[in-house]
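Structural overview
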Amino acid sequence: MDAAAATQVQQAQLAAILGPDPAPFETLISHLMTSSNEQRSQAESIYNLIKENDPNSLALKLSHLISSSVHVEARAMATILLRKQLTRDDSYIWPKLNESTRSTVKNILLAAIQNEESKTIIRKLCDTISELASSLLPDNQWPEILPFMFQCVTSSSPKLQESAFLMFSQLAQFIGETLIPYITDLHTVFLNVLNNSPNADVKIAALSAVINFIQCLTSSTDRDRFQDLLPAMMRTLTESLNSGQEATAQEALELLIELAGTEPRFLRRQIIDVVGAMLHIAEAESLDEGTRHLAIEFVITLAEARERAPGMMRKLPQFISRLFANLMRMLLDVEDDPAWHSAEAKDEDAGETSNYNVGQECLDRLSIALGGNTIVPVASEQLQAYLSAPEWEKHHAALIALAQIAEGCSKVMTKNLEQVVNMVLNSFQHPHPRVRWAAINAIGQLSTDLGPDLQIQYHQRVLPALAAAMDDFQNPRVQAHAASAVLNFSENCTPEILTPYLDGVVHKLLFLLQNSKQMVQEGALTALASVADSSQEHFQKYYDAVMPYLKAILVNATDKSNRMLRAKAMECISLVGMAVGKEKFKDDAKQVMEVLMSLQGSQMETDDPITSYMLQAWARLCKCLGQDFLPYMSVVMPPLLQSAQLKPDVTITSADSDSEIDESDDEGMETITLGDKRIGIKTSVLEEKATACNMLCCYADELKEGFYPWVDQVAPTMVPLLKFYFHEEVRKAAVSAMPELLRSAKLAVEKGIAQGRNEAYVKQLSDYIIPALVEALHKEPDTEICANMLDALNECVQISGPLLDESQVRSIVEEIKQVITASSSRKTERAERAKAEDFDAEEGELLKEENEQEEEVFDQVGEILGTLIKTFKGSFLPFFDELSSYLMPMWGKDKTPEERRIAICIFDDVAEQCHEAALKYYDTYLPFLLEACNDDNSDVRQAAVYGLGVCAEFGGSVFKPLVGEALSRLNVVIGHPSALQPDNVMAYDNAVSALGKICQYHRENIDSAQVVPAWLSCLPIKGDLIEAKAVHDQLCSMVERSDTELLGPNNQYLPKIVSVFAEVLCAGKDLASEQTAGRMVNLLKQLQHTLPPSTLASTWSSLQPQQLLALQSILSS
């Protein structure tokens, strides 16, 4: 059939579908739902053609189908399709419809909701009407809709009441502000229905509308008007439970959980009744498990609502104790399933119930939300009772609970370590293997959460206990878990602690490697890897015994069931190699790389865990072998780039679609709901991508210019990932890679190995990377990553420096303004939180931690400004002037010491780098600087006295009038009784250095006969090694030119000078450069020849014996 004929057929089809007979259109719609792909795609293309060419007919046909078809599926499908056309996105057709069509569609929808009997279609109609109304109401283009809804709400038909509330609920979500003028009417309607309606469905719909409406109210006065609804809202829940309608009750609970998360303070006045009712539900054994879990979720959500209602739940200790007891009872729901003892990975959770799992998760969340001061007293009382009970389940529950609360209670538990450790170690001897397993599990968790304190104080009890548990051959699950706990213990451990136990532990782990159970072998491999990693070169003596076993597994574990074993062997080999170093490892490394290369060439399945392990193993081998690794890069890089370029596996479904593919059951999927879309993301893909990106950073960092051949491929892969919002690890890796790539290119150009490319290439790369970083910083939601980005930007500026042009510097400066403003507003928000009614000391602690992260951002701002000032010197000052209104507030007394320190350092940099050009700022900044010299905080003092030294050096006549005050300020720092305490010594050293500069540059303005000897009496300085080298060099120069005030009348200060030289020379290279040390030795030799013997003798006698010996050996050499 030729094209013209085909078009004719299609035209005839369209004419029939859009003709007066409704049947062809209904057939088309049924074809859209068919499972036959061919029929469906044909129907879709016709449907789209109509939508393009005749949107009016399409809207009318769909509307008539909704109102007149006898088939439920057709009415449902038409309602969904119409809603899609009326949603403001790519397929929005409303603007293309003429007035008559619009009016027909509105009327048919309102008629349909009154006439429709099917419940699911009514819900879909509510969705469609709400969707359209939310577009039209703000411009008052559907004046009939709200009066219609109010009429429905007060009608006698429960069906209409429920529909109206469902629509109110959606409108409150979409366009809440347009409903606020009706607040009084809505309040009356809600109160009436919740109190008086006999119909459960109507009440649930009303509850949903109330909760969404409360969330859209911005003023607390408006919200308070709804307080009197709360008892009725809670009754909706309790009545449905009393009448056995648990499905309705679960809907009510889910709505109340949403309210607890978003508006917890709305519940505050009636919190005792509300939480009491929820705990009552959680404790009711006659109720369905799902209902009880939701009641617990409600209370936990309230405890977690820290930002909105800080401290509120901690005021209710009686409830916390009841909730904890309830969660402990849930942990008893565990069976001694024989499969558990088999130690097969597939039966890992044998005997655990959903009650047990929810109890575990909630204990963890509760302790993180409320903290140790609240939870530990409750726990220690209840856990003791459980531990002393005869049933193994109770003993098991106590140990599981202890492991779950450790993260949230770490500070308090660390103070009571003795009690905690005894509790766990006593259970290592329990007759029931599941209890012993739980005790080992607790030690593993505590090693992570309470380390390194636990390791330092109790290694002599914990490691032998774990070693003994590895001998439990009757119970391989226990053996495997003991090996895993060794991993947790050694991760937080220094080589000094671990080394004495290595003989015993390594011997046992090698024995377990030969076990027949794969779970035990895998446990032993990960433990060996961790022990090697923590003991570093101390592991060398075990290398020859261990490596053959590891290589054997790598070569022989080829079966699919052994994939994980092989992957862990790979990890273990690479960590052992890194621990023992290149010399010991290099022969085996070649063999291992051959195996890895052949594996890499083979076709692996996409879900093979070995991929990610292999990426990491290659990178560790590179770290171990350094430049010797370069020949393997051509094998490693292609698959690595492929992994780094993986597209996130995202599925987008409508949040309320009926065809819900239940993604949440799929372990590897994470779902987030954004508006009315549900987004599912495959996490394994993201993790592989993140690993690959991290490995690329490793290679660039390790190989430096050797990485150059790959820069052109890696840069375009990584730069877009600065904005990869699906996964933080990917963004962090992309951020770290930026300076590494620039450095690699720059070094390659400098060393002439860049295939003839020159500095223009570095500039081109820098022009690509720096703007991208600045732009990503502008959009970055996470404070920690903001700090990382500033840090990376700083490194990039250090590397490309003068290659930046003015517009790039401007964009960086503009972004710094943004960062400072955003940070200040986050701090203001936190300060607001501190004003909440229930704000308490624990909340204060948490706020402090959040603010410390903020300081990290300011710190990086200071660093990057310092770099810009050092790079561009005076030409940066116009930008500095622009920034001054942002920086000045940082000097304020109300700011944190860290902010004040950063502000001072920025001024110090300006004064030090810009010399005369900076003099115009002295008037403004020096008064602050002088005051800061005596600040309570030692870091602020250090920055301020350092700045005084800089101004003394470069300030010339501008500094002259301030010399007197500067001396008295320095005097206070130097003369302070605890000036030489570790905390204060850096400030002291910098003050001494500044005093030296005043002696050097302003001698004519001081009483030098007093000040110079005073300076000498402070020497040598030993804390700040940079200042020490400069100051001792200055001393040398003064002696060389026979400075009379330094030597004093009759050379009386000579012994002091000699003893300073002696101390400096005895300290090795720390306190003086080699050149200065050489000059000191020459001066001492001269003195030996020129001084009268008596003076010499008295000078020598003033030295300590070991100094004298060291000096004599230096002088005689």
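For the structure, check the block above.
Residues numbered from 1 in each chain as written. Predicted model: local features only at pLDDT ≥ 70, side-chain atom pairs only at ≥ 80, totals over all residues. Heavy atoms only, no water.

Moving on to the overall build of the protein. A count of helices and strands for the protein gives 54 helices and three strands. Across the 1117 residues in the protein, those meeting the buried criterion constitute 54%. For the protein, long-range pairs separated by at least 24 residues make up 72% of all intrachain contacts whose partners lie at least 6 apart in sequence. Carbon and sulfur atoms make up 51% of the accessible area of the protein, which totals about 48300 Å². (Helix = DSSP H or I, 4+ residues; strand = E, 2+ residues; numbered from the N terminus. Buried < 20%, exposed > 50% of the residue type's maximum accessible area, 1.4 Å probe, protein only. Contact = heavy atoms within 4.5 Å. Areas by Shrake-Rupley, 256 points an atom, 1.4 Å probe, with all protein chains shown as cover.)

Here the structure, examined in full by the defined rule, presents 65 salt bridges. In this structure, Glu882 engages Lys817 in a salt bridge whose closest nitrogen and oxygen atoms are separated by 2.8 Å. Taken together, the residues span a long stretch of sequence, with Glu882 in helix α41 (residues 877-887) and Lys817 in helix α39 (residues 806-833) at a distance of 65 residues. With its nearest N and O atoms 2.9 Å apart, the salt bridge here joins Glu1040 to Arg1079. One end of the pair, Glu1040, is in helix α49 (residues 1025-1040); the other, Arg1079, is in helix α52 (residues 1074-1090), and 39 residues separate them in sequence. For Glu1040, a relative accessible area of 40% corresponds to the partly exposed category. Salt bridges sharing partners connect three or more residues here, namely Arg826, Arg830, Arg833, Glu850 and Glu854. (Salt bridge = Lys/Arg side-chain N within 4 Å of Asp/Glu carboxyl O.)

Bringing the packing of helix α19 (residues 372-387) against helix α20 (residues 392-405) into the picture now. Running from amino to carboxyl end, α19 crosses α20 at an angle of 160°, the nearest separation of the two axes being 8 Å. Relative to α20, the element α19 lies roughly antiparallel. By crossing handedness, the relation of α19 to α20 is classed as left-handed. Contacts between α19 and α20 pair Ile375, Ala379, Leu383, Tyr386 and Leu387 from the former with Lys394, His395, Ala397, Ala398, Ala401, Leu402 and Ile405 from the latter. Taken together, the residues of the contact of α19 with α20 sort by class into ten nonpolar, one polar and one charged. (Axes fitted to C-alpha atoms, helices over the stretch in contact; angles between N-to-C directions. Parallel < 35°, antiparallel > 145°, perpendicular 65-115°, else oblique. Left-handed = near helix turned anticlockwise from the far one by under 90°. Nonpolar A, V, L, I, M, F, W, Y, C, P; charged D, E, K, R; others polar.)

Moving on to the packing of aromatic side chains. One pair of aromatic rings is described through two measures. These are the centre distance and the angle between the planes. For the coordinates displayed, the defined rule picks out 23 aromatic pairs. On the basis of an interplanar angle of 45° and a centroid distance of 5.4 Å, the ring pair of Trp891 and Tyr925 is categorised as tilted. Here the residue Trp891 occupies a position in the loop between α41 and α42 (897-914), and Tyr925 occupies one in helix α43 (residues 922-932), the gap between them amounting to 34 residues. Pair check on accessibility: Trp891 and Tyr925 agree, each one buried. Each residue in the set Phe880, Trp891, Phe907, Tyr921, Tyr922, Tyr925 and Phe928 is aromatic and connected to the rest through ring pairs, giving one cluster. Above the face of the Tyr761 ring, Arg757 is positioned so that its terminal group lies 4.1 Å from the ring centre. (Phe/Tyr/Trp six-rings, centres within 6.5 Å; stacked < 30°, edge-to-face > 60°. Lys NZ or Arg CZ within 6 Å of the ring centre and 35° of its normal.)

Moving on: unusual backbone geometry. Along the chain, Gly451 connects to Pro452 via a cis peptide bond; the corresponding omega equals -5°. Residue placement: Pro452 occurs in the loop between α23 (433-449) and α24 (453-469). Leu1019 connects to Pro1020 through a cis peptide bond whose omega is -5°. In this fold, Pro1020 is placed in the loop between α48 (1008-1017) and α49. In the Ramachandran plot, His915 falls in the positive-phi region, its phi being about 45° despite a non-glycine side chain. Mapping His915 onto the fold places it in the loop between α42 and α43. On the basis of relative accessibility, which here comes to 30%, the residue His915 falls in the partly exposed class. A positive phi angle, close to 55°, is found at Asn1051, a residue other than glycine. Tracing the backbone through its elements, the reader meets Asn1051 in the loop between α50 (1044-1047) and α51 (1054-1066).

Here we come to helix α28 (residues 518-535). When the terminal C-alpha atoms of α28 are compared, their 26 Å separation across 18 residues agrees well with the 26 Å that a helix rising 1.5 Å per residue should span. Among the 18 residues in α28, 16 count as buried, and that is most of the element. Phi turns positive, to about 50°, at Gln536, one or two residues after α28. (Expected span 1.5 Å × (residues − 1).)

Moving on: the side chain of Thr248. Among the secondary structure elements, Thr248 is positioned in helix α14 (residues 246-262). Under the relative-accessibility criterion, Thr248 is labelled buried at 13%.

With that settled, the discussion passes to the nonpolar core. One finds Met233, Phe629, Tyr699, Phe707 and Phe876 to be the most contacted residues of the largest nonpolar core, which totals 404 residues. When residues no more than four places from it in sequence are discounted, the contact partners of Tyr699 are Leu615, Trp618, Ala619, Cys622, Phe629, Met633, Val636, Leu640, Lys704 and Phe707. (Core = buried A, V, L, I, M, F, W, Y, C linked by side-chain atoms within 4.5 Å.)

This paragraph deals with the side chain of Thr353. Among the structural elements, Thr353 can be located in the loop between α17 (317-331) and α18 (354-370). Among the residues examined, Thr353 registers a relative accessible area of 16% and is labelled buried. Not counting residues up to four positions away in its chain, the partners in contact with Thr353 are Asp333 and Glu335.

Our next topic: helix α37 (residues 759-779). For α37, with 21 residues, the first-to-last C-alpha span of 31 Å sits near the 30 Å given by 1.5 Å per residue. Burial in α37 covers these residues: Tyr761, Val762, Leu765, Ser766, Ile769, Ile770, Ala772, Leu773, Val774, Ala776 and Leu777. Lining the buried residues of α37 we find α35 (708-718), α36 (728-750), α38 (783-800) and α39. For α37, the N-terminal capping position is held by Asn758, with its side-chain oxygen 3.0 Å away from the main-chain nitrogen of Ala760. (Polar contact = N/O pair within 3.5 Å; in protein donor to acceptor, adjacent residues only side chain to side chain.)

Our next topic: the state of the cysteines. Tallied over the full model, the rule gives zero disulfides. There is no disulfide at Cys409, and the cysteine sulfur nearest it, in Cys362, is 15 Å away. Assessed through its relative accessible area of 1%, Cys409 is described here as buried. In this structure Cys933 is not part of a disulfide, and its nearest cysteine sulfur, from Cys951, lies 9.7 Å away. Given the relative accessible area of 0%, Cys933 is considered buried. (Disulfide = S-S within 2.5 Å.)

Let's shift gears to the environment of Leu166. Topologically, Leu166 is positioned in helix α9 (residues 158-179). On a C-alpha basis, the gap between Leu166 and Ser130 in space is 8.8 Å, while along the polypeptide they are 36 residues apart. Discounting residues that sit within four places of it in the chain, Leu166 has contacts with Arg123, Cys126 and Ala205.

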